[in-house]
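Take a look at the letters that make up each chain.
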Amino acid sequence: MEEKSLDKALDIYSALIIGKEVSRLNPDTRELYEEYYSNSAVYDITTRLVKKLNLNIYEFNEAIYLTAGEGNKIFGYTNDDMKRILGLRVNKELYVVYFIMYNALLYFYQDSASYQVKEFVKAEDILESVNDYMMKFISDLSVYSMDEISEESFKSIALLWDELPTVTSEDRERNRASRASRMGYIKLTFNFLIEQKLFVAVSDRYYPTDRFKAVVENYFEEYKGKIYDILGGKEDA
């Protein structure tokens, strides 16, 4: 019995680690989902296994999802990984992407007491939101010298953002993701979120997936303040 439970737990882990949706509604993985919740031995082995590997299992809408735990360099992404994937050169460019992601999350979830009330988001909505936040920092940039602005601070991000055009003629023609404009950064960020199965694009609308909701509702609320620490600390925020 113990060996059978171990095999089932490994089957669940194997499905999750390759990105399958283990769900009651998915005929291909329904049996695994039922085993996870109806068999206490399978549940215990699975949760112990992922915990040892610094992974988290989150549930949403009768499905379970796997995500890397904090600081997991094997199953998660380091900053260098992210820069390589996104085609970025320096940390401040990556932090702009992180800040765009943060604004995308806040568009749907303001705090732990709120629920998702918007069905979709448009790139223009996030551009407006990021612009509003950045203007608060840009207005103060004149009092700082370049020596006082570190690459890890919100000031460096605001300075980079301030130097970018909203769009370029190439952006308008191709609707492309790039580092050449503010909208290009928005598109770059959303393309990554789509690849991670966190958003689905329909025309010019971006819809959050159940995976997005599972990660946000179970993880983001616990760690959302850390984006400020990473980008210069709460004083700069």
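Predicted model, so just to flag it, every value in this text is computed and none were measured.

Rules behind the numbers
- Residues numbered from 1 in each chain as written.
- Predicted model: local features only at pLDDT ≥ 70, side-chain atom pairs only at ≥ 80, totals over all residues.
- Heavy atoms only, no water.
- Helix = DSSP H or I, 4+ residues; strand = E, 2+ residues; numbered from the N terminus.
- Buried < 20%, exposed > 50% of the residue type's maximum accessible area, 1.4 Å probe, protein only.
- Contact = heavy atoms within 4.5 Å.
- Areas by Shrake-Rupley, 256 points an atom, 1.4 Å probe, with all protein chains shown as cover.
- Pairing = 2+ DSSP bridges.
- Axes fitted to C-alpha atoms, helices over the stretch in contact; angles between N-to-C directions.
- Core = buried A, V, L, I, M, F, W, Y, C linked by side-chain atoms within 4.5 Å.
- Phe/Tyr/Trp six-rings, centres within 6.5 Å; stacked < 30°, edge-to-face > 60°.
- Patch = residues over 30% accessible without salt bridge, like charges linked within 9 Å, V, L, I, M, F, W, Y side chains within 5 Å.
- Salt bridge = Lys/Arg side-chain N within 4 Å of Asp/Glu carboxyl O.

Undergrad: Can you lay out the overall build of the protein chain for me, pointing to particular residues and giving the numbers?
TA: Broken down by element type, the protein chain carries eleven helices and six strands. Here the protein chain, with 237 residues, has 43% of them falling under the buried criterion. Residue pairs at least 24 apart in sequence account for 55% of intrachain contacts in the protein chain once pairs closer than 6 positions are excluded. Of the roughly 13200 Å² of accessible surface on the protein chain, 47% is carried by carbon and sulfur atoms.

Undergrad: Explain the sheet that holds strand β5 (residues 199-202) residue by residue, including any values.
TA: Strand order in this open sheet of three strands is β4-β6-β5, and the pairing throughout is antiparallel. Either end of the sheet is taken by a strand with one partner, and the two such strands are β4 (121-122) and β5. Pairing of β5 with strand β6 (residues 205-208) involves four bridges; the strand directions are antiparallel. Residue pairing across strands places Val200 opposite Tyr207, the latter belonging to β6. Helix α9 (residues 182-195) rests against β4, β5 and β6 of the sheet, and its axis sits at about 115° to β5.

Undergrad: Lay out the nonpolar core in plain terms, naming residues and giving numbers.
TA: Core analysis: the largest hydrophobic core is formed by 41 residues, its most contacted members being Trp161, Tyr185, Ile186, Phe190 and Phe199. Elements with a contribution of two residues or more to this core: α4 (79-86), α5 (91-108), α6 (123-138), α7 (154-163), α9 and α10 (210-223). By size, the runner-up hydrophobic cluster in this structure holds 16 residues, among which are Ala9, Tyr33, Tyr36 and Leu66.

Undergrad: Break down the packing of aromatic side chains for me, with residues and values.
TA: All told, the structure shown has 14 aromatic pairs when counted by the stated rule. An angle of 45° between the planes, with centres 6.5 Å apart, marks the rings of Tyr37 and Tyr43 as tilted. Under the relative-accessibility criterion, Tyr43 is labelled partly exposed at 34%. Centroid distance Tyr95 to Tyr98: 6.1 Å. Interplanar angle 35°. Geometry classified as tilted.

Undergrad: Please provide a residue-by-residue account of the sheet that holds strand β2 (residues 55-59), values included.
TA: One open sheet accounts for three strands, arranged β1-β3-β2; its pairing is antiparallel. Sheet topology places β1 (22-23) and β2 at the edges, where each strand pairs with a single neighbour. Pairing analysis gives two bridges linking β1 to strand β3 (residues 63-68), with the strands arranged antiparallel. In the sheet register, Ser23 faces β3, and the bridge partner there is Ala63.

Undergrad: Explain a nonpolar patch on the surface residue by residue, including any values.
TA: Together, Ile17, Ile18, Leu53, Ile74 and Phe75 make up an exposed nonpolar region whose accessible area comes to about 460 Å². Its location among the elements puts Ile74 in the loop between β3 and α4. Using a relative accessible area of 70% as the deciding quantity, one classes Ile74 as exposed.

Undergrad: Which residues make up the pattern of salt bridges, and what are the values?
TA: Enumeration according to the criterion identifies nine salt bridges in this entry. For Arg24, the salt bridge is made with Glu62, and the minimal N-O distance between the two is 2.9 Å. Residue Arg24 is found in the loop between β1 and α2 (30-38), and its partner Glu62 is found in the loop between β2 and β3; the two are separated by 38 residues along the sequence. Two residues, Asp81 and Arg84, come together in a salt bridge whose shortest N-O distance is 3.0 Å. Note that Asp81 and Arg84 are positioned in helix α4 at a spacing of three residues, about one turn of the helix. The exposure class of Asp81 is buried, given its relative accessible area of 16%. Look at Arg84 and you get exposed, because its relative accessible area is 59%. A single salt-bridge network, built from bridges that share partners, covers Arg24, Glu34 and Glu62.

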